[in-house]
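Architecture and fold: a report
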Amino acid sequence: MLNELFSNIDWAEIGLATLDTLTMLGGSLLFTLLLGLPLGILLFLTSKRQLLEQPYVYGILSFIVNILRSVPFVILLIIMIPFTVLLTGTSLGVAGAIPPLVVGATPFFARLVETALREVDRGIIEATQAMGASTRQIVFKALLPEAMPGMMAAITVTAITLVSYAAMSGVIGGGGLGDLAIRFGYQRFQTDVMIVTVVLLLVLVQALQMVGDRLVIHFSRK
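Please read these numbers as outputs of a predicted model, since none were measured by experiment.

What to know about the overall build of the protein chain
Per the secondary structure count, the protein chain includes eleven helices and zero strands. Of all intrachain contacts in the protein chain linking residues separated by at least 6 positions in sequence, the fraction that spans at least 24 positions is 74%. As presented, the protein chain carries roughly 12,200 Å² of accessible surface, and 68% of it is formed by carbon and sulfur atoms. Taken as two groups, the 13 positive and 13 negative side-chain charges of the protein chain have centres that lie 12 Å from each other.

Below, the structure is given as structure tokens:
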């Protein structure tokens, strides 16, 4: 019965596509955190009434972030093909998908970091300033620890967004479950392939959300 329902399923190929999706997610999330965290901190510090208030710097950074966030990801995938080929040697597969994933998610994550830092009680910043702490000490000893629950929530939201972006990258042959769903589920009308890939993506999103919720609760108790 199951063989008839899933007659078009190649489970080995499904397994490889799932592994590709996890690789894209892990690689792009790592680079997104490395680039987005300092960008988000800089946005916060240079904004109005903050430690390094610089209206012009904040305006330029904010403008760039807003532009990148406003470009639909499918269009970003296409626009970035020449840069991706220059960087990785290909625009296909996992390697070809990671650069646009990072460029698409970094400004999104940076805004979430800025928002999380804004939620920190200003009294904590003023207290550490009164104790003679430097800006670096305030950021790493006060701001980031206090904002950690919000930061965990931001990472969770970003990871889930990257899952949807990774699936979308299948439009240009980015590999993973999205590519499988488009090539077999959509173009060849294999509904069973479409169902399995969608279910696997839903399971992945649910797992990420559960882990993220636990981390938020853990850091909220500290």
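Text resumes after the structure shown.
Some points on a nonpolar patch on the surface
Taken together, the side chains of Leu30, Phe31, Leu34 and Leu35 define a hydrophobic patch exposed on the protein surface, amounting to about 400 Å² of accessible area. Inspection of the secondary structure assignment puts Phe31 in helix H2 (residues 11–45).

Topic: the UniProt feature "transmembrane region" (unreviewed entry) in the protein chain
Mapped onto this numbering, the UniProt entry gives "transmembrane region" (unreviewed entry) at residues 25–45, 57–86, 92–113, 151–173 and 193–212. The span residues 92–113 is 95% helix and 0% strand, and its two end C-alpha atoms sit 31 Å from each other. Counted over residues 193–212, helix gives 100% and strand 0%. Its end C-alpha atoms are 29 Å apart.

Points about the UniProt feature "domain: ABC transmembrane type-1" (unreviewed entry) in the protein chain
Feature annotation in UniProt assigns "domain: ABC transmembrane type-1" (unreviewed entry) to the following positions: residues 18–212. Structurally, residues 18–212 comprises 82% helix and 0% strand, and the distance from its first C-alpha atom to its last is 20 Å.

Let's talk about helix H8 (residues 135–146)
Here H8 is twelve residues long and its end C-alpha atoms lie 15 Å apart, about the 16 Å a rise of 1.5 Å per residue gives. Looking only at H8, the buried set comprises Ile138, Val139, Ala142, Leu143 and Leu144. Check the buried side of H8 and you find it contacts H2, helix H6 (93–118), helix H7 (122–130) and helix H9 (148–168).

What counts and how
Residues numbered from 1 in each chain as written. Predicted model: local features only at pLDDT ≥ 70, side-chain atom pairs only at ≥ 80, totals over all residues. Heavy atoms only, no water. Helix = DSSP H or I, 4+ residues; strand = E, 2+ residues; numbered from the N terminus. Contact = heavy atoms within 4.5 Å. Areas by Shrake-Rupley, 256 points an atom, 1.4 Å probe, with all protein chains shown as cover. Lys, Arg positive; Asp, Glu negative; His and termini not counted. Charge placed at Lys NZ, Arg CZ, Asp CG, Glu CD. Patch = residues over 30% accessible without salt bridge, like charges linked within 9 Å, V, L, I, M, F, W, Y side chains within 5 Å. Salt bridge = Lys/Arg side-chain N within 4 Å of Asp/Glu carboxyl O. UniProt positions renumbered as here; feature names shortened; annotations may be inferred. Expected span 1.5 Å × (residues − 1). Buried < 20%, exposed > 50% of the residue type's maximum accessible area, 1.4 Å probe, protein only.

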